[in-house]
Amino acid sequence: QKEVEQNSGPLSVPEGAIASLNCTYSDRGSQSFFWYRQYSGKSPELIMFIYSNGDKEDGRFTAQLNKASQYVSLLIRDSQPSDSATYLCAGDNQAGTALIFGKGTTLSVSS
Amino acid sequence: GAVVSQHPSRVICKSGTSVKIECRSLDFQATTMFWYRQFPKQSLMLMATSNEGSKATYEQGVEKDKFLINHASLTLSTLTVTSAHPEDSSFYICSARDSNGGRGETQYFGPGTRLLVL
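Residues numbered from 1 in each chain as written. Chains lettered and ligands numbered in written order. Predicted model: local features only at pLDDT ≥ 70, side-chain atom pairs only at ≥ 80, totals over all residues. Heavy atoms only, no water.

### Quick notes on the interface of chain B and chain A
In this complex, chain B contributes 18 residues to the contact, which on the side of chain A involves 25 residues. Carbon and sulfur atoms make up 50% of the surface buried where chain B meets chain A, a total of about 1,500 Å² over both sides. Applying the counting rule to chain B against chain A returns zero salt bridges. Inspection of the chain B/chain A interface yields seven residue pairs in polar contact (both at pLDDT 80 or more). Listed by contribution, the elements that provide at least two residues to the side of chain B that touches chain A are β4 (32-38), β9 (90-97) and β10 (107-109) of chain B. (Contact = heavy atoms within 4.5 Å. Buried area = accessible area lost by both parts, 1.4 Å probe. Salt bridge = Lys/Arg side-chain N within 4 Å of Asp/Glu carboxyl O. Polar contact = N/O pair within 3.5 Å; in protein donor to acceptor, adjacent residues only side chain to side chain. Helix = DSSP H or I, 4+ residues; strand = E, 2+ residues; numbered from the N terminus.)

### Some words on the pattern of salt bridges
Summed over all chains, the structure comprises five salt bridges over all chains. Of the charged contacts, one joins Arg 37 of chain A and Glu 45 of chain A as a salt bridge, the two residues approaching to 3.2 Å between their closest N and O atoms. Taking the relative accessible area as the measure of exposure, Arg 37 of chain A reaches 16% and is therefore buried. Between Arg 24 of chain B and Glu 22 of chain B there is a salt bridge, with the nearest N and O atoms lying 3.4 Å from each other. Relative accessible area serves as the criterion here: at 33%, Arg 24 of chain B is assigned to the partly exposed category. Residue classification places Glu 22 of chain B among the partly exposed positions, given a relative accessible area of 25%. (Buried < 20%, exposed > 50% of the residue type's maximum accessible area, 1.4 Å probe, protein only.)

### Side note on the state of the cysteines
All names here are of chain A. Tallied over the entire structure, the rule returns two disulfides over all chains. The side chain of Cys 23 participates in a disulfide bridge whose partner is Cys 89; the two sulfur atoms lie 2.0 Å from each other. Taking the torsion about the sulfur-sulfur bond, which here is approximately -70 degrees, the covalent link between Cys 23 and Cys 89 counts as left-handed. Here Cys 23 is found in strand β3 (residues 19-25), whereas its partner Cys 89 is found in strand β9 (residues 85-92), with 66 residues between them in sequence. Exposure remark for Cys 89: the relative accessible area of 1% places this residue in the buried category. (Disulfide = S-S within 2.5 Å.)

This is the structure in structure tokens:
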């Protein structure tokens, strides 16, 4: 069974620090990867997606993809208490028709 | 960005009744929609994949006769929880992909429906 693995956390960082969230995937056929943020009691919202090896930056967020290592990460710079949430990593299935989600990593940013 | 709506946002019902939840893609067409369930402090669990014009594909362990899915148009999928019981109380979330998008098209989530069965 194809899986996306994340450390459940919680990951605790102080305000202003860099938070690093990691994810590995088992399906080498996956080509597209997504990071979603889910606040408690709310549905997930898309933060970023990445298709190519390397880094992709969007404001305080940087997604990194290493297909050889089957590894995806999300860096959050200058972490804020409002970043405290559960972060879901997802990769598309081999057919590209659906996403496979990890169980999420809970991030806590303390002020 | 693409918008997915769900209705109702919250429902309380008596045990034994049926509840219908609607999921709509507002500004795009979705051949495929997905239904998830999430219990408090737990991860998303995919229940089924809803395919426009055909039968839904259910994940292992999900009762298709209890969770009826209808995807009658490219913008609407419904989930009916039949004969609901307290253990069905959960947060139900739908998501949709743009049919015209290629591989790697984002899945957009609806705001979710919180179901409480008394």
